[in-house]
Amino acid sequence: MKILVTGGAGFIGANLVNALIEHGHDVVIIDNLVTGKKNNLNPKAKFYNIDIRDKDIEKIFKEHNFDIVNHHAAQIDVRKSVENPVYDRDVNVIGLLNLLQNSIKYKIKKFINISSGGVIYGDDAELPIKETAKKNPLSPYGISKLSGENYMYIYNKLHNLKYTTLRYSNVYGKYQDPKGEAGVIAIFSNLMLDKKQPVMYGDGKQTRDYVYVKDVVNANLLAMEKGDYEAFNIGTGTETSVIELFNIMKKITDYQGEPKHEPARLGELLRNSLDITKAKKLLNWQPKYTLEEGLKETIAWVKSGFR
Ligand SMILES: NC(=O)c1ccc[n+]([C@@H]2O[C@H](COP(=O)([O-])OP(=O)(O)OC[C@H]3O[C@@H](n4cnc5c(N)ncnc54)[C@H](O)[C@@H]3O)[C@@H](O)[C@H]2O)c1
């Protein structure tokens, strides 16, 4: 199939592009490289360095006749969204609308939309969180991601566009920037391998649902054929505290020190994990990697010279 991957130079998008090409698909990437990297680009994919908000993306739709649009490009930083909510909305909502308008005009077969199970439900949902839980975003980023989901629903009702939304928990793995601001696993891996002390905010008992990027990619492959008109949590259903994570990573990296403790960050969720029963049932998806297996592969990749 002919597939457009937006954000294909970024962490998750680049992993997805590689898998799609391995499966024999014809892939086109749109990315403006704001956080994505040229080095992540698969040479077998056709790459356009362009912003998803640019009117000229129409030329790309016209030329390629896409079967599927898989939309990973986004402003993904919660703190940046607080500092600059207009930019966040611009990329995550106006950029999405630009893609959706072209998707209906050029009659694609399906749109895969990426959302976040870490930011749309808020902090009072029962764990593990089900898709039906109350939506209560606590940041402009959460609002823009939820808004994107609502637009998917409306584009289906108004224009008959077929879609699936995937709501990721905390994704980790190859290509996640260890020098970036987000992604505790990437940051810890890099520091521990360099024998530098990682910082732990608060008491370290805050939990997250860490899902390995290869499992996330697999959910995207299944969503090409299944799960139409639905939103799915993509996580593991398991909570892991920062202290537990630190201890597992300590063993794998052979780091000898202890973390440095700093005050908790304002607005940080205390606990998170996603119920994945619906994805198991309707997408026939479930994570195959344990946290330890995923961490071993990720740390081996960081060690192999990304730093
Ligand atoms: N990483 C996670 O744990 C996580 C969790 C939940 C949801 N998500 C979602 O997954 C998707 C991918 O995230 P990621 O972690 O790979 O982040 P990333 O920053 O590595 O990837 C985003 C990509 O989008 C590109 N991009 C950003 N703005 C653009 C624009 N205006 N025009 C064109 N390209 C643009 C960037 O250059 C980058 O390559 C995002 O939609 C994000 O919201 C990620």
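Residues numbered from 1 in each chain as written. Predicted model: local features only at pLDDT ≥ 70, side-chain atom pairs only at ≥ 80, totals over all residues. Heavy atoms only, no water.

## Here we look at the environment of Ala186
Quick reminder of the rule: Counting from the N terminus, the helices are DSSP H or I runs at least four residues long and the strands are E runs at least two residues long. Note on definitions: a residue-residue contact is assigned when non-hydrogen atoms from the two residues lie within 4.5 Å.
Tracing the backbone shows Ala186 in helix α6 (residues 184–193). Sequence-wise, Ala186 and Lys174 are twelve residues apart; in three dimensions their C-alpha atoms are separated by 8.8 Å. Ignoring anything within four residues of it in the chain, the contact list for Ala186 reads Gln176, Asp177 and Pro178.

## Description of helix α5 (residues 140–159)
To keep it simple, the criterion reads: Any helix carries an expected span of 1.5 Å times its number of residues minus one.
When the terminal C-alpha atoms of α5 are compared, their 27 Å separation across 20 residues agrees well with the 28 Å that a helix rising 1.5 Å per residue should span. Against the buried residues of α5 lie α3 (78–83), α4 (85–105), β5 (110–116), β6 (163–168) and β11 (230–234). Where α5 ends, the next residue or the one after it, Asn160, has phi of about 65 degrees, a positive value.

## Here we look at the environment of Pro198
Here Pro198 shows up in the loop between α6 and β8 (199–201). Taking the C-alpha atoms as reference, Pro198 lies 9.5 Å from Val184; in sequence the two are 14 residues apart.

## Focus on unusual backbone geometry
A cis amide bond, omega -15 degrees, links Leu127 with the succeeding residue Pro128. Relative to the assigned elements, Pro128 resides in the loop between β5 and α5. Even without being glycine, Asn65 reaches a positive phi, approximately 55 degrees. Relative to the elements of secondary structure, Asn65 occurs in the loop between α2 (57–64) and β4 (68–71).

## Observations concerning a nonpolar patch on the surface
Going by this rule: For patch detection, residues must exceed 30% relative accessible area and be free of salt bridges, and they are connected within 9 Å for like charges or within 5 Å for nonpolar side chains (Val, Leu, Ile, Met, Phe, Trp, Tyr). Under the convention used here, a 1.4 Å probe and the Shrake-Rupley method define accessible areas, while residue burial counts only the protein chains that appear. Take a side-chain nitrogen of Lys or Arg and a carboxyl oxygen of Asp or Glu: if they are within 4 Å of each other, that pair is a salt bridge.
A cluster of nonpolar side chains, contributed by Tyr153, Ile154 and Leu158, occupies part of the molecular surface with about 310 Å² of accessible area. Mapped onto the fold, Ile154 is located in helix α5.

## With respect to the pairing of β4
Definition in use: Any residue under 20% of the maximum accessible area for its type is buried, any over 50% is exposed, and the rest in between are partly exposed; the area is computed with a 1.4 Å probe on protein chains only. The pairing criterion for strands is at least two bridges between them, as found by DSSP.
Neither face of β4 is exposed, since Ile68 and Asn70 on one face and Val69 and His71 on the opposite face are all buried. The sheet contact formed by strand β1 (residues 2–6) and β4 spans four bridges and is parallel. Within the sheet, the bridge partner assigned to Val5 lies in β4 and is Asn70. For β4 and β5, the ladder comprises four bridges, and the chain directions are parallel. Paired with His71 across the bridge in β5 is Asn113.

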